[in-house]
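# Fold and geometry: a report
Residue-level listing of the chains:
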Amino acid sequence: MADRAALEDLVRVQGERVRGLKQQKASAEQIEEEVAKLLKLKAQLGPDEGKPKFVLKTPKGTRDYSPRQMAVREKVFDVIISCFKRHGAEVIDTPVFELKETLTGKYGEDSKLIYDLKDQGGELLSLRYDLTVPFARYLAMNKLTNIKRYHIAKVYRRDNPAMTRGRYREFYQCDFDIAGQFDPMIPDAECLKIMCEILSSLQIGDFLVKVNDRRILDGMFAVCGVPDSKFRTICSSVDKLDKVSWEEVKNEMVGEKGLAPEVADRIGDYVQQHGGVSLVEQLLQDPKLSQNKQALEGLGDLKLLFEYLTLFGIVDKISFDLSLARGLDYYTGVIYEAVLLQPPARAGEEPLGVGSVAAGGRYDGLVGMFDPKGRKVPCVGLSIGVERIFSIVEQRLEALEEKVRTTETQVLVASAQKKLLEERLKLVSELWDAGIKAELLYKKNPKLLNQLQYCEEAGIPLVAIIGEQELKDGVIKLRSVASREEVDVRREDLVEEIKRRTSQPLCIC
């Protein structure tokens, strides 16, 4: 047994040596040589029959977040939350799981992606798929008819994950919604303004917000000859046009969903159009579409929406796109989706959309589905695709090799001589009590060089150095880590001096 313990120690030490060489970026030959030694030791160790074997991995479609990644995440959340608050939103929270019947029948073809839980004491439960349906349930249950709220929380989808593109099975959504009876298109325009403000503030690249209206889509399907029973399923096919060609979408409509080829061709004439308010005006004159009541209402509202978007100064970011369908069943009016644009490959070409980073729309009937008397509460909202945004920001930081601060420590309390632990503890406690973010090394007599090195590695801007002479004079030596300048500050003035020097917001990206 003692021999085995000694061998395990050798394996551990050799393992640390290999990891150290990799971190130091040693030569491949040297690493290979040490790995061979490690494998030889492991072979001598042999299998440990009594030890249970664990698979150390996160479940498919999920991930851990390192301090660096969490620092980036918090920065993104701060930008989003400050925008939501700037527009007067309150915050709510709801349970991570809902009654299964609450979620059933709200998501169209995506319902198959809902995670169902095992029967727990007579209640059939499911993990929430989004934050919109729980919000509608919350409104109906509390008999609320008017609220502007935001909600940031995790949701769950049994999807095929694409981790590099920010697509997971467990992920955050950041939702903003306005519920209540208001004059047409004013709340809708504000939602689009919020979307543009957030995406501009995050500086993740040029973007375009595609806008359409479910009533225009339904009217278009009707005049093209789509049977009523096929509206939703054809809608989900059209929604794929941002990912695949029209020919593939047409083949799905005709081959899989049984639509007549000539009907599909008529749909194709419409859904391949996009533009601005001039396209809205053109469709208002369309001989077929203008005869459909639903389409006419939708086009009238979009014309009004473009007026408000012009006043908000964001109309150049908006495109009326007839192919935008948004697959969820609960949308009833205006729908929108923001996509990041990739610069064109050649001059004169249009920029390419490289993925959705925010979306939303109007859903006037959802609350009524939960209300016992069917009372409707009109709602409009948006959701920011933060996981995709995190991926983009992380990739950008890695490409620039930017250092990311993972703490907000303003000052390290250090000592220049031995036997000053008590003085360091007293000073750091004074700083904490005054609201200063401070640290000290957990050693009785740390070397000053080690303390300064720790500050450089952690990005701590200031060091408060205590020495025997400083204690006699009633001062603290305050050192700037970046410039290495040192000044003596009276102990009673130290808090104000640290606050003054670190009043600039800490930047992490």
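Residues numbered from 1 in each chain as written. Predicted model: local features only at pLDDT ≥ 70, side-chain atom pairs only at ≥ 80, totals over all residues. Heavy atoms only, no water.

The name given to the protein in an unreviewed UniProt entry is Histidine--tRNA ligase, cytoplasmic, with the source organism recorded as Odocoileus virginianus. Recorded in UniProt for the protein, the comment headed Sequence similarities (unreviewed entry) runs: "Belongs to the class-II aminoacyl-tRNA synthetase family." According to the UniProt record, the Subunit (unreviewed entry) comment for the protein reads "Homodimer." (UniProt positions renumbered as here; feature names shortened; annotations may be inferred.)

### Quick word on the sheet that holds strand 13 (residues 438-439)
Taken in spatial order, the five strands make up an open sheet running 13-12-14-15-16, and their pairing is mixed. Edge positions in the sheet fall to strand 13 and strand 16 (486-490), since each of these pairs with one other strand and no more. Sheet topology places strand 15 (residues 475-480) next to strand 16; five bridges connect them, and they run antiparallel. Bridge pairing in strand 16 places L478 opposite V487. The strands touched by helix 15 (residues 421-433) are strand 12 (411-415), strand 13, strand 14 (462-466) and strand 15; relative to strand 12, the strand with the most contacts, the crossing angle is about 160°. The sheet strands contacting helix 16 (residues 448-458) are strand 12, strand 13, strand 14 and strand 15, and the helix crosses strand 12 at an angle near 175°. (Pairing = 2+ DSSP bridges. Helix = DSSP H or I, 4+ residues; strand = E, 2+ residues; numbered from the N terminus. Contact = heavy atoms within 4.5 Å. Axes fitted to C-alpha atoms, helices over the stretch in contact; angles between N-to-C directions.)

### Some thoughts on the pattern of salt bridges
Scanning the entire structure with this criterion turns up 33 salt bridges. Between E252 and K257 there is a salt bridge, with the nearest N and O atoms lying 3.3 Å from each other. Neither E252 nor K257 differs from the other in exposure class; each is buried. Of the charged contacts in the structure, one is a salt bridge between E492 and R490, with a shortest N-O distance of 3.0 Å. Given a relative accessible area of 56%, E492 falls into the exposed group. Residue classification places R490 among the partly exposed positions, given a relative accessible area of 42%. (Salt bridge = Lys/Arg side-chain N within 4 Å of Asp/Glu carboxyl O. Buried < 20%, exposed > 50% of the residue type's maximum accessible area, 1.4 Å probe, protein only.)

### Focus on the nonpolar core
Judged by nonpolar contacts, the single largest core of 100 residues is most densely connected at F84, V209, F221, I267, F320, Y336 and I384. No other element matches helix 6 (residues 186-202), which puts nine residues into this core. Among the domains, domain 2 (62-180 + 370-406) and domain 3 (206-363) are the pair contributing at least three residues each to this core. If we skip the residues at most four places from it in the chain, I384 touches I80, F84, C174, I198, V357, A358 and I389. (Core = buried A, V, L, I, M, F, W, Y, C linked by side-chain atoms within 4.5 Å. Domains from an automatic or database assignment.)

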